[in-house]
Amino acid sequence: MNVARPDEVRKFNRASLLRILHVGGPATRAALASELGLNRSTIKMLVDGLAGDGVVEERVPRVPQGAGRPSLLVLPQAQAAVVLAVDVQVEHAGIALVGLGGQILGRNSWNLRGRQRDPDEVVTHVAESSALLAQDLDLHPVAAGISVPGVVRRTDGMVHDSSNLGWTDVPFGERMGTVLGVPVVVGNDAELGALAEYVRGVGRGASDAVFVSADVGVGGGIIAQGGLLRGSGGYLGEIGHMTVHPGGRTCHCGNAGCWETEVGELALRRALGLSESVPRGAIVAELRELQRDSDPVARLGDYVDWLILGLINVVNILGPELVVLGDLFAILPEAVVQRVQQEVRQRSMVSRALGGVRIEKSSLGADLKLLGAAEAAFEDVLASL
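Computed from a predicted structure; not experimentally measured.

Chemist: Describe the pairing of strand S15 (residues 322-327), and please don't skip the residues or the numbers.
Modeler: Within a regular strand, side chains alternate between the sheet's two faces. Across the six residues of S15, five count as buried, placing the element largely inside the fold. Looking at chain direction, S15 and strand S16 (residues 358-361) are connected through four bridges and run parallel. Following the sheet pairing, leucine 325 is matched in S16 by lysine 361.

Here you go:
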């Protein structure tokens, strides 16, 4: 029988306490003791140790919490641990330095066109831009998380296939780790979107959730029993490539009739009457204008039907309590989302059994993938502080 050593127990408790502060924000010692199931003397020892290392500090709350002497709040110090978050998309890339507690301390972004999408160009630009940002802010990231649209092997960041970027078998994690000089985690963009929503968005508190996003492609990330479901080799969540329309349009993946061909960006352009040549911003503007339409469901026509069909399949297979719609799906008019939720509840036997699966829009906007990448990087960092 193996018995954990006192130093191992202390390290585990310290990491657990930091995780609570990182995700939930400031808390009193009493609240931390209750959350962790530890006595107050143990909490005092942990907090004092973290404060001595400059990782947390204690302050009197700004707003009094009742009569008597106020309880001190334990606050994570953002600059005590900083990670680099990178979001590589089809048309642009962005970076951010994110501190303990999830605070974005600084950011930069640039367009990706033509040769700029070449993996070597992306690696070079990320390295140079992050070095300049770190210098300007006088911060030094200790790890990096990177979001990429494609099939990514989580163990080493090998991008097996990112058709929309034109990448095949790119050792992206290895290359980024070499130039950045810190541990690097690379993940599929929808997977990291799911992580962000679970930690900091509408998915907080949901033990089983699915994040479904539409950008150029359509992807999914899955939270199962309170953790990311990653599958064999880290390959999971390519729900955009489930066949929903046999004999339908040819997909870039080599299949025909993929869900992505019916609800992805090109399909949305067709539904809105927009040509492929108009800029991406026109889609966003048209969707926002559609909010004022008297019947946006009818305006989008078959697009809504295909969205409903795909989500019924997703709910029937995965049985989540929550589905979060991201990227272009998050800009759909409320009337469309309400119709989708109503139809899924009525037509999915799993949704009926669960009493109705919730379908909500992402709450994190353009920072979604950056926050997800940061959380992926923080997973190991918190255990080492």
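Chemist: I'd like to hear about helix H6 (residues 189-200), residue by residue, with values.
Modeler: The terminal C-alpha atoms of H6 lie 16 Å apart, and with twelve residues this matches the ideal 16 Å at 1.5 Å per residue to within 8%. With respect to burial, H6 is a largely interior element, eleven of its twelve residues being buried. Listed as buried for H6 are Asp189, Ala190, Glu191, Leu192, Gly193, Ala194, Leu195, Ala196, Glu197, Val199 and Arg200. Its side-chain oxygen 2.9 Å from the backbone nitrogen of alanine 190, asparagine 188 forms the N-cap of H6.

Chemist: Hey, could you go over the sheet that holds strand S12 (residues 209-214) for me, with residue numbers and the actual values?
Modeler: Pairing in this open sheet of five strands is mixed, and the strands run S14-S13-S12-S15-S16 from one edge to the other. Since the sheet does not close on itself, it has two edges, and those belong to strand S14 (227-228) and S16, each with one partner. Of the strands in this sheet, S15 and S16 touch helix H12 (residues 334-347), which is tilted by about 160° from S16.

Chemist: A description of the pattern of salt bridges should follow, citing residues and the corresponding values.
Modeler: For the structure on display, the rule yields 26 salt bridges. Among the salt bridges present, the one from aspartate 48 reaches lysine 44, with a minimum N-O distance of 2.7 Å. Within this pair, aspartate 48 and its partner lysine 44 are both found in helix H3 (residues 40-52), separated by four residues, close to a single helical turn. Close ionic contact of glutamate 343 with arginine 347 constitutes a salt bridge, the shortest N to O distance being 3.5 Å. Placement of the pair is glutamate 343 and arginine 347 together in helix H12, with a separation of four residues, close to one helical turn. One salt-bridge network, in which partners are shared between bridges, spans Arg29, Lys44, Asp48 and Glu58.

Scoring rules and cut-offs
All residue numbers refer to positions counted from 1 along the written sequence of the respective chain. Whole-chain, interface and lining totals are the exception, using all residues; otherwise, since this is a predicted model, local features are given only for residues with pLDDT of at least 70 and side-chain atom pairs are given and counted only at 80 or more. As a rule here, side-chain values come from all non-hydrogen atoms in the structure, and water together with hydrogens is ignored. Here's how the labels work: a residue is buried when its accessible area is under 20% of the maximum for its type, exposed when over 50%, partly exposed in between, all with a 1.4 Å probe on protein chains only. In this text, helices come from DSSP runs of H or I with a minimum length of four residues, and strands from runs of E with a minimum of two, each type numbered from the N-terminal end. Strands pair, by our definition, only if DSSP identifies at least two bridges between them. Expected span, for any helix, means 1.5 Å times one less than how many residues it has. Polar contact criterion, stated in full: a pair of N or O atoms within 3.5 Å, where within protein one must be able to donate a hydrogen and the other to accept it, and residues adjacent in sequence count only if both atoms are side-chain atoms. Any pair of residues with heavy atoms lying within 4.5 Å of one another is described as a contacting pair. Here the axes come from fitting lines to C-alpha atoms, over the contacting stretch only for helices, and the angles between their N-to-C directions go from 0 to 180 degrees. Throughout this description, the term salt bridge denotes a Lys or Arg side-chain nitrogen within 4 Å of a carboxyl oxygen of Asp or Glu.

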